[in-house]
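Listed here are the chains, written in short residue letters.
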Amino acid sequence: MANIHDVAKLAGVSIASVSRMLAGENVRSAEAIRRAITDLGYRPNASARGLRLGKHHSIAVIVPDISNPYFAALVRGIEERAMTQGFRIVVASSDEQFSAEQELLGNLIDAVDAVAIVPAEEGDRTRRMLAGLNKPVVLIDRTVGDEPGFDLVHVDNASGAKAAADYLLSLGHRNFGVISGRQDTVPGRVRHQVFLQTLADAGIEVPAEAVKIGEFSRNFGRHAAQELIDSPTGMTALFVGNNTMAQGALLSLHAAGVSIPGQLSFLCFDDFDLAELLPAPVTVISRPAIAEGNAAADLLLERIERIGSPKQPPLEHKVLPVSLTIRQSCSAPASN
């Protein structure tokens, strides 16, 4: 395993310079040291340094479901940045439960320096809970009000939903099915509302029976798609609000023998591992999950470095772009 001497040698600096940077001090060769740490895979002894500096060199990362490919990539992005600074991360899933978040934070907060969280709820009690931690917090993907009081990193859900609707409209679709996630979250609400509004602007109203709203889960996606299959909606295109719901929906469509894109064009928000390997690789709205994690970690690391300082940087609200990744699951309606 690489040690601090190896890092100093590769970076062309003294061991003292490496040690000062790892302790959170500003040094002139910081970028060279970071590169050396990454290239060598160096992992500082965070526990020993924490005892010396009164820091734990740990960050709690709480997500709703670590099995979701998006959240897994998000965690990876946080870990990438944290490790270069000698921090470890402690990852836990809340299962979309506020009570689970409370318990997790109660158990972890005395052993970490900061918290990165995708909150299960976006209400005031979550905001109060996080404020009561008295440690740096960054919200990811979701917020806790118009003025949350914390750094926030998320993506441009509105532009993604509009791009999805515009693309399906451009193919000639006029009959749509929609499967959306919880409307008490920013991703669920914005994607749902903007997609439908874009269709409305084009003169298309989606009937209530063709719209399904529920949990961001594979099970809900499967049941919602089955209900759409069983009802005479006449849909030629289906938009699904996230990748886990999409996987469930695809299971039902496959079981029912629905041909994609021959009978039904399929588009979802968020990429997933098997999307490119399906018989009709899925067209998706891609978001930069690793970059989101990088950005969240950078914000937390800066705030950790300033713990105890009377001057804190202003809160930041970072919105990262999304993109339409066109594959083979969408085509013009069969009747065109």
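In what follows, the accompanying structure is described. (Residues numbered from 1 in each chain as written. Predicted model: local features only at pLDDT ≥ 70, side-chain atom pairs only at ≥ 80, totals over all residues. Heavy atoms only, no water.)

## Here we look at the sheet that holds strand β3 (residues 114-117)
Phase 1: Across the sheet, which stays open at both edges, the six strands sit in the order β2-β1-β3-β4-β5-β11 with parallel pairing between neighbours. For this open sheet the edge positions go to β2 (88-93) and β11 (317-320), each flanked by a neighbour on one side alone. The sheet shows a mean angle of 15° between the axes of neighbouring strands, taken without regard to direction.
Phase 2: Of the pairings in the sheet, the one linking β3 to strand β4 (residues 137-140) comprises three bridges and is parallel in character. (Pairing = 2+ DSSP bridges. Helix = DSSP H or I, 4+ residues; strand = E, 2+ residues; numbered from the N terminus. Axes fitted to C-alpha atoms, helices over the stretch in contact; angles between N-to-C directions.)

## A few points about the packing of helix α6 (residues 98-108) against helix α7 (residues 124-131)
Phase 1: Two elements in contact, α6 and α7, have axes separated by 11 Å at closest approach and are oriented at 0°. Taken together, the axes of α6 and α7 are roughly parallel relative to one another. Contact with α6, carried on its side by Phe98, Glu101, Gln102 and Leu105, involves Arg125, Thr126, Met129 and Leu130 of α7 and no other residues of that element.
Phase 2: The residue inventory of the contact of α6 with α7, partitioned by class, reads four nonpolar, two polar and two charged. (Parallel < 35°, antiparallel > 145°, perpendicular 65-115°, else oblique. Contact = heavy atoms within 4.5 Å. Nonpolar A, V, L, I, M, F, W, Y, C, P; charged D, E, K, R; others polar.)

## Some words on unusual backbone geometry
Phase 1: Cis rather than trans, the peptide bond between isoleucine 260 and proline 261 has omega equal to 5°.
Phase 2: With respect to the helices and strands, the residue proline 261 is situated in the loop between α11 (243-255) and β9 (265-269).
Phase 3: Backbone geometry places glutamate 96, a non-glycine residue, at a positive phi of 60°.
Phase 4: Position of glutamate 96 relative to the elements: it lies in the loop between β2 and α6.
Phase 5: You can call glutamate 96 buried: its relative accessible area is 18%.
Phase 6: For aspartate 270, which is not glycine, the phi dihedral falls at a positive 90°.
Phase 7: Summarising the element assignment, aspartate 270 is placed in the loop between β9 and β10 (283-286). (Buried < 20%, exposed > 50% of the residue type's maximum accessible area, 1.4 Å probe, protein only.)

## So, the sheet that holds strand β7 (residues 211-213)
Phase 1: Strand order in the open sheet formed by six strands is β7-β6-β8-β9-β10-β12, and the pairing between neighbours is mixed. With one partner strand each, in any of the chains shown, β7 and β12 (323-325) form the two edges of the open sheet. Each strand axis lies, on average, 15° off the axis of its neighbour in the sheet, ignoring direction.
Phase 2: Note that strand β6 (residues 176-180) and β7 share three bridges and pair parallel. When the bridges of β7 are listed, valine 178 appears paired with valine 211.
Phase 3: Across the sheet, helix α8 (residues 157-170) touches β6, β8 (237-240), β9, β10 and β12, and the angle it forms with β9 is around 175°.
Phase 4: Along the sheet face, helix α10 (residues 218-230) touches β6, β7 and β8 and points at about 160° away from the line of β6.

## A closer look at the pattern of salt bridges
Phase 1: According to the stated counting rule, one finds 18 salt bridges in the structure shown.
Phase 2: In this structure, aspartate 298 and arginine 81 form a salt bridge, with 2.9 Å as the shortest nitrogen-oxygen distance. Of this pair, aspartate 298 sits in helix α12 (residues 289-305) while arginine 81 sits in helix α5 (residues 69-84), and the two are 217 residues apart along the sequence.
Phase 3: You can call aspartate 298 partly exposed: its relative accessible area is 31%.
Phase 4: On the basis of relative accessibility, which here comes to 32%, the residue arginine 81 falls in the partly exposed class.
Phase 5: Here arginine 303 and aspartate 151 are joined by a salt bridge, their closest N and O atoms 2.5 Å apart. Separated by 152 residues along the polypeptide, arginine 303 in helix α12 and aspartate 151 in strand β5 (residues 151-155) bring together distant segments of the chain. (Salt bridge = Lys/Arg side-chain N within 4 Å of Asp/Glu carboxyl O.)

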